[in-house]
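The chain contents come next:
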Amino acid sequence: MKRIILIIVLFFAAIAISPILIGEKGYILIAMGNITIESTVVTATMMLVALFIVLIIALKVLRGGISLSLGTWNKFAFASQRKALRNLKKGIAAYILGDNQQAEHLLVKSAEPSQFEQIAYLLAASAADKQGLASNTKHYLSQLDNNQENLKDVGLESVLITIQLLINHQEFSQARQLIDDHHKHIGHDDRLLAQEITLSLKEKRFGYVVEQLNAARKSKIITDETIEQWESFAFYGVFNEQIQQHDNDALNTYWNNLARKIKQREQVIYAYCQVLAAHQINQPLSKILLPVIKKGANEKLLKQMRSLPLTSTDELIQAVQKHLHHDQHNAKWLSCLAHLAKSSQQWPMAEKAFNSLVQLEGEQYDKVDLIAFAKVLEKQNQLPKAIEVLNKLVSV
């Protein structure tokens, strides 16, 4: 820098001294209309050099100012986005840690500025759902990008979460639209198949669900327990539709046309018995239950029988009494007899069977037995004893 200043000083000195040395200053005359400008060569040169230096300095200052302005503008313009991204990261961390209230707040706050609206609103909806805030969940779902069908952008997982949230909040029409938009993926993704079956049950498309159960059984991620629940609801709905939309004969025909392996499934048998009992179709019902009692092997179905609204039980009671004739202290058959007698309002028989059951060693009864026993005692105006039986529920 010092060298440049020294050169400039020497330059001006040379310009100033050279005319004196040669004894001739030199003149410059500039005429523009009525205006004339007269100057010496030295003065004009010095002015031009000074102007040139001023221009260079001005250019450097201007360039620095522009650079400063761009940096400052960039800093302020993207400050909100950087803050939103920080909130998004914090919101996701809070969601993972289970702090759903904080997660919802941060995710909604960061949604639009961060330009990750889809994931932010989706996680916010899920966080609100876990807090039981239905209105918030529905609002966030409504904010989701309409372009959800673009799987390259949002991924199928995002779609699956959205569908589940819509089902949870009974927005069935929107969930159906979303599933239909991605229906081609059902055969390739069992998670979407599971949601299709769940939604179809909500829509009471029971026949369709029955058809989809075979595909569900081939899945490696859908549990047997889930399939059993679907099967129970679906067949109960199908059996009900047959009798409500047609008649008893249609129900019987549908049952007879089922494959043998299907008719052997506990969920299907119990669903069929529920519909028969509800409509007091006793003969086919006895035909189903009598072999179950005689064989006595299916304890799960025997326990389920306790909840059936049976009205004609004489034949069934006789079959149970034959078992008790060989083993009068068998808890399974005492419970079965007591519930059958209660269903047909044979109160003394029911009371006697329940008394024998609760007196067995090891408390071989359950809450269903005690509640039924108390009901039998109530019907016979034995209220103190009924209260005493109900008190046993605390210890069961």
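Within each chain, residues carry numbers counting from 1 in the order of the written sequence. Where totals are concerned, whole chains, interfaces and linings use all residues; where local detail is concerned, this predicted model gives features only for residues with pLDDT of at least 70, and gives and counts side-chain atom pairs only at 80 or more. The side-chain values count all of the structure's non-hydrogen atoms but skip hydrogen atoms and water molecules.

### Focus on the packing of aromatic side chains
Planes of paired rings set the category: under 30 degrees apart is stacked, over 60 is edge-to-face and the rest tilted, where pairs are Phe, Tyr or Trp rings (Trp by its six-membered ring) whose centres lie within 6.5 Å. Counting across every chain of the model gives six aromatic pairs. Pairing Phe 235 with Phe 239 gives two aromatic rings, centres 5.8 Å apart and planes at 40°, and the pair type is tilted. Linking Phe 235 with Phe 239, this pair stays in helix H11 (residues 224-245), spanning four residues, or about one helical turn. Each member of the pair Phe 235 and Phe 239 is classed as buried. Going along the chain from the N terminus, every DSSP run of H or I of four or more residues is numbered as a helix, and every run of E of two or more is numbered as a strand. Between buried and exposed lies partly exposed: a residue is buried under 20% and exposed over 50% of the maximum accessible area for its type, with that area taken using a 1.4 Å probe on protein chains only.

### Observations regarding helix H19 (residues 347-358)
A helix is expected to span 1.5 Å for every residue after the first. Between its first and last C-alpha, H19 extends 16 Å over twelve residues, near the 16 Å set by a 1.5 Å rise per residue. Every buried residue belonging to H19 is among Ala 350, Glu 351, Ala 353, Phe 354, Asn 355, Leu 357 and Val 358, and all of these are buried.

### Thoughts on the packing of helix H9 (residues 190-202) against helix H10 (residues 206-217)
Geometry is summarised by axes, namely lines fitted to C-alpha atoms with helices restricted to the contacting stretch, and by angles between N-to-C directions that run from 0 to 180 degrees. Two elements in contact, H9 and H10, have axes whose closest approach is 9 Å; the angle formed by their N-to-C orientations is 160°. Of the possible angle classes, the one that applies to H9 and H10 is roughly antiparallel. Here H9 and H10 pass one another in a crossing that is left-handed. Counting all contacts with H9, which are made through Leu 193, Glu 196, Ile 197, Ser 200 and Leu 201, the residues of H10 involved are Phe 206, Tyr 208, Val 209, Gln 212, Ala 215 and Ala 216. Tallied by class, the residues present in the contact of H9 with H10 amount to eight nonpolar, two polar and one charged. The labels follow the angle: roughly parallel below 35 degrees, roughly antiparallel above 145, roughly perpendicular from 65 to 115, and oblique for the rest. What makes a crossing left-handed is the near helix being turned counterclockwise from the far one by less than a right angle; a clockwise turn instead makes it right-handed. Residue contacts are defined here by distance: any two heavy atoms, one from each residue, within 4.5 Å place the two residues in contact. Only Asp, Glu, Lys and Arg are considered charged in this grouping, and only Ala, Val, Leu, Ile, Met, Phe, Trp, Tyr, Cys and Pro are considered nonpolar; every other residue, Gly among them, is considered polar.

### Thoughts on the nonpolar core
Only buried Ala, Val, Leu, Ile, Met, Phe, Trp, Tyr and Cys residues count toward a nonpolar core, and they belong to the same one when joined by side-chain atoms within 4.5 Å. Within the largest apolar cluster, 100 residues are counted, with the highest numbers of intra-cluster contacts made by Trp 230, Phe 235, Phe 239, Ile 293 and Leu 340. If one sorts the elements of this core by residue count, helix H14 (residues 266-278) sits on top with nine residues. Beyond its immediate chain neighbours, meaning those up to four positions away, Trp 230 contacts Ala 194, Ile 197, Thr 198, Leu 201, Leu 213, Ala 216 and Ile 222.

### Structural notes on the pattern of salt bridges
Salt bridges are counted wherever a side-chain nitrogen of Lys or Arg sits within 4 Å of a carboxyl oxygen of Asp or Glu. Per the stated rule, a full pass over the model turns up 14 salt bridges. A salt bridge links Glu 231 to Arg 265; the nearest nitrogen and oxygen atoms lie 3.3 Å apart. In this pair, Glu 231 is assigned in helix H11 and Arg 265 in the loop between helix H13 (260-263) and H14, connecting sequence segments 34 residues apart. Residue Glu 231 is classed as buried on the basis of its relative accessible area of 2%. A relative accessible area of 22% means that Arg 265 is categorised as partly exposed. Of the charged contacts, one joins Glu 351 and Lys 385 as a salt bridge, the two residues approaching to 3.8 Å between their closest N and O atoms. On the criterion of sequence distance, the pair formed by Glu 351 in helix H19 and Lys 385 in helix H21 (residues 383-391) is long-range, its members being 34 residues apart. According to the relative accessible area criterion, Glu 351 is buried, its value standing at 13%. With a relative accessible area of 29%, Lys 385 lands in the partly exposed category. When salt bridges with common partners are traced through the structure, they connect Arg 176, Asp 180, Glu 196, Glu 203 and Arg 205 into a single cluster.

All we've got here are geometric facts, nothing functional implied.
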